[in-house]
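The lines below spell out each chain.
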Amino acid sequence: MDISNKKHFLTVKDYSVSKETFDLYYDETLDMLITHPQPSLDNLGKYYESEDYISHTDNKRSLFEKLYHLIKSIALKNKLNLINSLQSNKGTLLDIGAGTGDFLTVAKNNGWQTKGIEPSQKAKVIAIKKGISFVEHTTELEDHSFDIITMWHVLEHVPNIEAQIKELKRVLKPNGTILIAVPNFKSYDAKYYGKFWAAYDVPIHFWHFSKTAMQMLFQNENMKLEKVLPMKFDSFYVSLLSEKYKSGKMNYPKAFLIGLLSNWNARQDFEYSSHIYIIKNNKN
């Protein structure tokens with residue numbers, strides 16, 4: 001994406017792998033941030049090569065990882081309840097960026113017909129052992145074949161966002177629903193931590209969304225943003241990582257306080273650390 005007419009917003013660092021710095025540019029039209037430069041597809045993989053990339057493992061080595069998986073188990077139940085509330089008769093479910101397959105496992109055990117997409121071979125091997133079925137890419141899927149499509153903290157990783165949204169539209173049934181979770185750069189914790197905010201996660205996060213951006217991007221493909229839900233646990237998780245980036249250690253009491261303040265402030269402006277966007281396909 002051309003950034004020549006975009007305003008420089010912030011310079012941030014890749015704290016987890018390369019220690020390189022990247023710039024964030026503000027797209028005024030879409031109300032979103034763009035990471036620059038964005039690594040080529042050939043070089044992108046090296047930025048994921050971190051033992052701390054927690055969603056690609058089932059490790060429980062540290063207190064942080066144990067807490068992550070405890071909260072994750074609660075979040076999985078909430079996600080299942082959410083998709084069940086959207087469609088009482090369980091149908092077809094596609095999870096893009098399925099990781100180690102935990103969400104698909106919960107959904108499959110609950111009666112959903114599931115399929116996953118996951119670029120990390122390491123994570124995919126773990127998921128396959130849990131009985132999860134995968135395809136390499138959405139191009140292998142038939143038109144209008146899924147009732148529900150989920151992307152839990154994945155859209156920000158997609159290099160070509162317009163092409164991805166077109167593909168979502170293609171494989172979604174006429175009455176289908178897309179659920180997308182992404183960080184929110186307008187949250188209190190994002191403003192508090194600034195360049196240390198862990199959810200910028202450059203350069204593997206190409207895009208940084210606002211509610212306006214999500215509405216406009218999907219509206220361009222004749223899909224409607226119906227509802228925005230908060231992800232209240234994310235403010236604590238992100239604040240904990242942000243404390244580590246800022247001070248070199250995980251300050252649990254401080255991170256908990258900032259997480260609380262973020263959720264408290266969001267009660268007024270609905271700018272939570274992360275949101276779930278519920279998007280419906282328009283029939284015509």
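As a reminder, the structure under discussion sits directly above these lines.
Okay, so let's go over this structure. Only a predicted model underlies this, so the values are computations on that prediction, with no experimental measurement involved.

1. Quick notes on the environment of S145
Counting through the fold element by element, S145 comes out in the loop between α4 (121–129) and β6 (146–152). Excluding residues within four positions of it along the chain, S145 makes contact with T92, V171 and K173.

2. Topic: empty space enclosed by the protein
A complete count under the given rule lists two cavities of 30 Å³ or more for this structure. The volume enclosed by the largest cavity comes to roughly 70 Å³. Looking at the largest cavity, it is lined by 13 residues, and the ones nearest its centre are K13, Y15, D201, V202 and Y245. A class-by-class count of the residues in the lining of the largest cavity yields eight nonpolar, one polar and four charged. The volume enclosed by the second largest cavity comes to roughly 40 Å³. What lines the second largest cavity is E156, P183, N184, F185, W197, A199, H205, W207, H208 and F209. Class assignment of the residues belonging to the lining of the second largest cavity gives a composition of six nonpolar, three polar and one charged.

3. Examining the nonpolar core
Ranked by size, the top nonpolar core spans 57 residues in total, and within it I180, F209 and F218 carry the most contacts. With residues near it in sequence (within four places) discarded, I180 still touches M151, L155, L168, M214, F218, H275, I276, Y277 and I279. Listed in part, the 20 residues of the second largest apolar core include L80, A107, F134 and I148.

4. Some points on the pairing of strand β10 (residues 274–281)
Counting buried positions over the eight residues of β10 gives seven, a clear majority of the element. With seven bridges connecting them, strand β7 (residues 172–183) and β10 associate as antiparallel partners. Bridge pairing in β10 places I180 opposite Y277. Examined bridge by bridge, strand β9 (residues 223–230) and β10 share seven bridges and lie antiparallel to one another. Bridging from a neighbouring strand, L225 pairs with I279 of β10.

5. Details of the sheet that holds β9
Spatially, the six strands line up as an open sheet ordered β5-β4-β6-β7-β10-β9, and their pairing is mixed. The open sheet has two free edges, formed respectively by β5 (113–117) and β9, since each of these has just one partner strand. In this sheet, neighbouring strand axes are inclined to one another by 20 degrees on average, regardless of whether the strands run parallel or antiparallel. Judged from the five bridges that link them, strand β4 (residues 92–96) and β5 form a sheet pairing that is parallel. Bridge pairing in β5 places D95 opposite G116.

6. Section: the side chain of T177
Here T177 shows up in strand β7. Overall, the relative accessible area of 3% leaves T177 in the buried class. Setting aside chain neighbours within four positions, we find T177 in contact with L86, D147, I148, I149, L172, I278, I279 and K280.

7. Thoughts on the packing of aromatic side chains
Tallied over the entire structure, the rule returns 11 aromatic pairs. On the basis of an interplanar angle of 20 degrees and a centroid distance of 6.2 Å, the ring pair of Y188 and Y192 is categorised as stacked. With Y188 and Y192 both in helix α6 (residues 188–193), this residue pair falls four residues apart, about one helical turn. A residue is classified by how much of its surface remains accessible, and Y192, at 31% relative accessible area, is partly exposed. Note on F236 and F256: the rings are 5.2 Å apart at their centroids and 25 degrees apart in plane angle, and the pair reads as stacked. Residue F236 is located in helix α8 (residues 234–247), and its partner F256 is located in helix α9 (residues 252–269); the two are separated by 20 residues in the primary sequence. A residue is classified by how much of its surface remains accessible, and F256, at 49% relative accessible area, is partly exposed. Ring pairing ties together the aromatic residues Y15, F196 and Y245, which thus form one cluster.

Rules behind the numbers
- Residues numbered from 1 in each chain as written.
- Predicted model: local features only at pLDDT ≥ 70, side-chain atom pairs only at ≥ 80, totals over all residues.
- Heavy atoms only, no water.
- Helix = DSSP H or I, 4+ residues; strand = E, 2+ residues; numbered from the N terminus.
- Contact = heavy atoms within 4.5 Å.
- 1 Å grid on protein atoms, 1.4 Å probe; cavity = no way out; pocket = protein on both sides within 12 Å on 5 of 7 lines; lining within 4 Å.
- Points joined across faces, edges and corners; volume = space filled by probe spheres on them.
- Nonpolar A, V, L, I, M, F, W, Y, C, P; charged D, E, K, R; others polar.
- Core = buried A, V, L, I, M, F, W, Y, C linked by side-chain atoms within 4.5 Å.
- Buried < 20%, exposed > 50% of the residue type's maximum accessible area, 1.4 Å probe, protein only.
- Pairing = 2+ DSSP bridges.
- Axes fitted to C-alpha atoms, helices over the stretch in contact; angles between N-to-C directions.
- Phe/Tyr/Trp six-rings, centres within 6.5 Å; stacked < 30°, edge-to-face > 60°.

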